[in-house]
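Summary of the model geometry
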Amino acid sequence: MADFSTPYHSRDKKESGRRKKESVGNTGRLFRSVQFVSACQLSNMVREVDLRSDTVTKPTPAMRKAMAEAVVGDDVYKEDPTINELEEKIAEFLGKEAALFVASGTMGNLSAVMAHCWTRGQEIIMGDQSHMFMYEQGGISSLAGVHVSSIPTLEDGTFDLEVLKEKIRPRNPNMHEPSTGLICLENSHNRCGGKVLPLSYIREVCALARNNDIPVHMDGARIINASVHCGVPAHEIVKECASVSMCLSKLICFSCRVHRCRKVLGGAMRQAGVLAAAALVALESAEERIRIDHQRTKKFAQEIYNLKSKLITCDPAIDSNMILLQFPSPNFTNEDFVRRMAEVKIEDKEQVVVKACPWYRNRVRCVLHSDLTQEDLDSALMKIRAIANKQDPDAVVVKAGLRDKNRVRCVIHSDLNEEHLEWALQKIRKILG
Ligand SMILES: Cc1ncc(COP(=O)(O)O)c(C=O)c1O
């Protein structure tokens, strides 16, 4: 969870020092491929930069203080004042009649589905790359008993409205078909690298849904990112959606039946005000912090794009806090990149372990967030630069002289520079596996 109120620079030194120590504690997993750097050397030199997700951020001192001091009560009786305050603020923030604190984004989405699709034989339409479709264990079907009809998600996080029209089934279908009970959108879109849905598109989906008497649920885990990108308040974006889940983490905006659904999922957490207290701190300055994340992400992506590398590239058109790296060479895949970024070799100029997520279609997702200092980003970039500037071994021709007795002669001469030698070495390394 991110505390958006602390400026980057004031936490930089303390945080990076702490992470350096923590990274040593992680050596078993992170450094298994590096036998030649001792633990003692690592403790002094290695920085750890985590670009896997913005969900890795930790509560900050302000949040911990608020948590320790939170006034709590039994939330099932609506007697937790901190939860009540947070729910009121979020309802206002999203322009909805009520909000409900839930244990996770998955629980928020599932509770919304259960509340909307209250009767049997219903179907939900959603993108086939949406979080709800991909990563929530199919709970919509296995727990809520709702059928899913998926539409191919396009690269920008939308789906084709003509296909949507075809997929919608009548509220009172013939006896053979389920009826469409809900349409789900996701904004910003996780699998699509943080793409923000155009407002006009959301309006069109909602109009289509309204004409067919179908509610729209927005998975708005990162709705504040969408709002910051569009320069439009979150409540305006979700104005026509019947429900929204958002992550601070985690809340769902909604009312009535959803309390029952949360309860059956085991999410009525009693004295959960300690968590709501941290969320209240985050909410205070979320927009400002996310604006900074977006600026830094754009800059980070532009730097990578400017490398014009044959091994690593990206689309510099960034909407929010995610970058999808691409790997054009068949000899250097996303898995190679992730492995190399997590490795520290003694000869590496930048002694840094960078964690990133291998993504579908041979890509890697990098997510920027408030726990990253400028120093962290500079180190990660230096490491990417060093890898990106390496020549593709298969694009290098190395000539050497065949000699007798099964030998090859290599002669170093004045026309060869450091780079040539490095390329030749890389090629030899590749051949030797
Ligand atoms: C778009 C989106 N929706 C829902 C979730 C689920 O949140 P949780 O991991 O809290 O269940 C996530 C998680 O990152 C997400 O990215």
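Figured I'd write up the structure that's included with this text. It should be emphasised that the depicted structure is a prediction, and the values quoted were computed from it without experimental measurement.

Tracing the sequence through the fold places P61 in helix 4 (residues 61-69). Note: C-alpha distance between P61 and A278 (217 residues apart in sequence) is 10.0 Å.

Time to look at the site of the ligand. Neighbouring the ligand are 11 residues, the closest being S104, G105, T106, H131 and A221. Among the residues forming the shell around the ligand, the class breakdown is 1 nonpolar, 7 polar and 3 charged.

With 5 of 5 residues buried, strand 6 (residues 216-220) is to be regarded as a mostly interior element. Where burial is concerned, the two faces of strand 6 agree: the one with V216, M218 and G220 and the one with H217 and D219 are both buried. In the sheet, strand 5 (residues 179-186) pairs with strand 6 via 4 bridges, with the strands oriented parallel. Opposite L185, over in strand 6, you have M218 as the bridge partner. Regarding topology, helix 10 (residues 199-211) serves as the crossover connection from strand 5 to the parallel strand 6, and that connection is right-handed. Direction of pairing for strand 6 relative to strand 7 (residues 243-246): parallel, over a ladder of 4 bridges. Bridge assignment links D219 to a residue of strand 7, and that residue is S245.

Glancing now at helix 15 (residues 334-341). Residues separated by three or four positions in an α-helix point in the same direction, a consequence of the helix having 3.6 residues per turn. When helix 15 is considered as a whole, its buried residues turn out to be N334, F337 and M341. All buried residues of helix 15 project into a common sector of 60° when viewed along the axis, lining one side. Away from its buried face by more than 90 degrees, helix 15 exposes E335 and R339. Turning to helix 15, the residues buried within the fold contact strand 10 (322-326), strand 11 (352-355), strand 12 (357-359), strand 13 (363-367) and helix 16 (374-388).

Pairing within the open sheet is antiparallel, and its 4 strands lie in the order 9-10-13-12. Two strands in the sheet have a free side with no partner beyond their single neighbour: strand 9 (313-314) and strand 12. Pairing geometry for strand 12 and strand 13, over 3 bridges, is antiparallel. What sits directly across from C357, in strand 13, is R365. With respect to the sheet, helix 14 (residues 273-306) is in contact with strand 9 and strand 10, its orientation differing from that of strand 10 by roughly 15°.

Right, let's get into the packing of helix 6 (residues 105-116) against helix 13 (residues 257-264). Axis separation between helix 6 and helix 13 bottoms out at 8 Å; the angle between their running directions is 125°. Between helix 6 and helix 13, the crossing angle belongs to the class labelled oblique. The two elements helix 6 and helix 13 meet at a crossing, and its hand is right-handed. Within the contact between the two elements, helix 6 uses M107, S111, A112, M114 and A115 and helix 13 uses R257, V258, C261 and R262. A per-class count over the contact of helix 6 with helix 13 returns 6 nonpolar, 1 polar and 2 charged.

Most of the time, phi is negative for any residue but glycine, and the peptide bond is trans. Each neighbour pair has its own omega, and for N187 with S188 the value is -5°, a cis peptide bond. One non-glycine residue, K78, lies in positive phi territory at about 60°. Within the secondary structure layout, K78 lies in the loop between helix 4 and helix 5 (81-93). Exposure remark for K78: the 12 C-beta atoms within 10 Å place this residue in the exposed category. Backbone geometry places K308, a non-glycine residue, at a positive phi of 50°.

The biggest cluster of nonpolar side chains holds 71 residues, and the ones touching the most others in it are V113, I124, V216, I223 and A276. With 10 residues, the top contributor of residues to this core is helix 14. In this structure, V216 is in contact with I183, L185, V205, C206, A209, E240, C241 and A242, ignoring residues within four places of it in sequence. If you look at the next biggest cluster of nonpolar residues, it comprises 31 residues, including F337, V344, V367 and A380.

With that out of the way, let us pick up the packing of helix 14 against helix 16. Viewed as axis vectors pointing N to C, helix 14 and helix 16 meet at an angle of 20°, and their least axial separation amounts to 11 Å. The angle between helix 14 and helix 16 places the two elements in the roughly parallel class. Two packed elements cross with a definite hand, and for helix 14 against helix 16 that hand is right-handed. Touching R296, F300, E303 and I304 of helix 14 are L377, L381 and I384, all from helix 16. Looking at side-chain class alone, the contact of helix 14 with helix 16 contains 5 nonpolar, no polar and 2 charged residues.

Cut-offs applied
Residues numbered from 1 in each chain as written. Predicted model: local features only at pLDDT ≥ 70, side-chain atom pairs only at ≥ 80, totals over all residues. Helix = DSSP H or I, 4+ residues; strand = E, 2+ residues; numbered from the N terminus. Near = placed C-beta within 6 Å. Nonpolar A, V, L, I, M, F, W, Y, C, P; charged D, E, K, R; others polar. Buried ≥ 20, exposed ≤ 12 C-beta atoms within 10 Å, placed from the backbone. Pairing = 2+ DSSP bridges. Right-handed = clockwise from strand over helix to strand, strands pointing away. Arc of directions from axis to C-beta. Contact = placed C-beta atoms within 7 Å. Axes fitted to C-alpha atoms, helices over the stretch in contact; angles between N-to-C directions. Parallel < 35°, antiparallel > 145°, perpendicular 65-115°, else oblique. Left-handed = near helix turned anticlockwise from the far one by under 90°. Core = buried A, V, L, I, M, F, W, Y, C linked by C-beta atoms within 7 Å.

That's the geometry; what it means functionally is another story.
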